Amino acid sequence: MDTLAFWMSTPNLDLLEMAAQAGFRRVVLDIEHNGFDADRREALVVAARALGVAVCAKIEAPEPVWVQRAVDLGVDAVILPHVGTLAQAEAALATCKFPPLGTRSYAAGRSARFRAPDADYFARQNREVLCLPMIETAEAFGDVEALLASPLVDGIFIGPFDLALTRGRAGYGFGDADRADIARLAAAAKAAGKPWWIPAWRREEQAFARDNGAGVRVIAAEHQLLTLGLQRVLETCPR
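Residues numbered from 1 in each chain as written. Predicted model: local features only at pLDDT ≥ 70, side-chain atom pairs only at ≥ 80, totals over all residues. Heavy atoms only, no water.

Student: Honestly, the overall build of the chain in this entry has me stumped. Any pointers?
Tutor: Broken down by element type, the chain carries 11 helices and eight strands. Against the compact-globule benchmark of 18 Å for 239 residues, the chain has a radius of gyration of 18 Å, which places it among compact chains. Dimensions of the chain along its principal axes, counting C-alpha atoms only, are 65 × 40 × 30 Å. Here the chain holds 239 residues, and the buried ones make up 49% of them. Taking the contacts inside the chain whose residues are at least 6 apart along the sequence as the reference set, 60% of them involve residues at least 24 apart. Accessible area of the chain: about 11200 Å², with a carbon and sulfur share of 56%. (Helix = DSSP H or I, 4+ residues; strand = E, 2+ residues; numbered from the N terminus. Rg over C-alpha atoms; globule rule 2.2 N^0.38 Å. Buried < 20%, exposed > 50% of the residue type's maximum accessible area, 1.4 Å probe, protein only. Contact = heavy atoms within 4.5 Å. Areas by Shrake-Rupley, 256 points an atom, 1.4 Å probe, with all protein chains shown as cover.)

Listed below in structure tokens is the structure:
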């Protein structure tokens with residue numbers, strides 16, 4: 001189940017616990033588009049760790065300050081939205097990794113378990129905290145091989161809706177052009193020996209992602225689940 005994830009749009013601790021009980025072992029926090037204040041982010045990370053759920057933070061923007069705040073919380077992966085070329089994003093990507101690989105600054109807090117770092121701490125953090133630029137712009141799509149070749153990058157997270165728009169399509173419908181773009185990104189990731197992740201809400205998207213070797217499929221979203229659940233209650237209620 002660690003190859004399947006769910007998407008949280010609000011800092012809902014009840015949902016996190018219910019998802020863990022259902023069997024999910026990975027969550028994506030959509031901090032970019034929603035209200036996650038500092039205290040709630042911290043609470044979610046602490047609760048997720050206690051529940052055995054890996055936390056992946058989709059941060060506000062590809063800027064060092066937001067990367068630093070995420071890694072200081074002790075998240076398992078940082079997803080950077082709106083990435084352009086490697087050259088444009090390199091400063092933010094570098095903040096995911098400690099020197100000499102990157103520029104991350106050490107904080108003696110939650111990410112270090114509130115104690116002095118052991119001899120392997122910095123190298124272990126560089127290995128284990130994943131840095132995943134989103135491929136959701138035409139610029140990132142065109143520079144994906146360079147992004148994947150960077151030692152700062154551990155894999156990619158595909159953003160199919162924005163990618164379709166920035167690639168000149170009217171929207172995303174999982175059509176032929178969409179599938180071709182996803183397949184090209186999957187092939188680039190495979191060639192680089194790095195994983196690719198994708199939100200896949202529909203069954204055909206989920207199967208396509210599985211068949212093309214996706215490392216993680218985000219298959220359930222908070223608002224989607226609430227909508228479907230409410231519709232189901234209305235549909236099944238005797239009239």
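Now that the structure is up, let's keep going.
Student: What is the right way to read empty space enclosed by the protein from this model?
Tutor: Empty space left among the atoms is revealed by rolling a probe the size of a water molecule over them. Taken as a whole and assessed by the stated rule, the structure comprises one cavity of 30 Å³ or more. Reported here for the largest cavity is a volume of approximately 40 Å³. Lining the largest cavity, in full, are Tyr-172, Phe-174, Ile-182, Ile-198, Pro-199, Ala-200, Glu-205, Phe-208 and Ala-209. Looking at the lining of the largest cavity, the elements with two or more residues in it are strand E7 (196–199) and helix H10 (203–211). With three residues, H10 is the largest single contributor of residues to the lining of the largest cavity. (1 Å grid on protein atoms, 1.4 Å probe; cavity = no way out; pocket = protein on both sides within 12 Å on 5 of 7 lines; lining within 4 Å. Points joined across faces, edges and corners; volume = space filled by probe spheres on them.)

Student: I would appreciate a short explanation of the side chain of Glu-136 in the present structure.
Tutor: Counting through the fold element by element, Glu-136 comes out in the loop between strand E5 (130–135) and helix H6 (138–142). No salt bridge forms around the buried Glu-136; measuring N to O, its nearest opposite-charge neighbour Lys-58 is 6.0 Å away. Setting aside anything within four residues of it in sequence, one finds Glu-136 in contact with Pro-81, His-82, Gly-159, Asp-162, Leu-163 and Thr-166. (Lys, Arg positive; Asp, Glu negative; His and termini not counted. Salt bridge = Lys/Arg side-chain N within 4 Å of Asp/Glu carboxyl O.)

Student: Any chance you could explain unusual backbone geometry here in plain terms?
Tutor: For residues besides glycine, phi is generally negative; the peptide bonds are generally trans as well. Residue Pro-100 is bonded to the preceding Pro-99 through a cis peptide linkage, with omega at 5°. Backbone geometry at Phe-114 places phi at a positive 60°, although glycine is not the residue there. Its location among the elements puts Phe-114 in the loop between helix H4 (86–94) and helix H5 (121–128).

Student: Got a minute to help me understand the pairing of strand E4 (residues 77–80) in this structure?
Tutor: Within a regular strand, the side chains alternate between the two sheet faces. Side chains Ala-77 and Ile-79 of E4 all project onto a buried face; the interleaved residues Val-78 and Leu-80 project onto the opposite face, where all are buried too. Direction of pairing for strand E3 (residues 54–58) relative to E4: parallel, over a ladder of three bridges. Paired with Lys-58 across the two strands is Ile-79, which belongs to E4. In this fold, E3 hands off to helix H3 (residues 64–73), which returns the chain to E4; that crossover is right-handed. Pairing between E4 and E5: four bridges, direction parallel. By the bridge assignment, Ile-79 is partnered in E5 with Leu-132. (Pairing = 2+ DSSP bridges. Right-handed = clockwise from strand over helix to strand, strands pointing away.)

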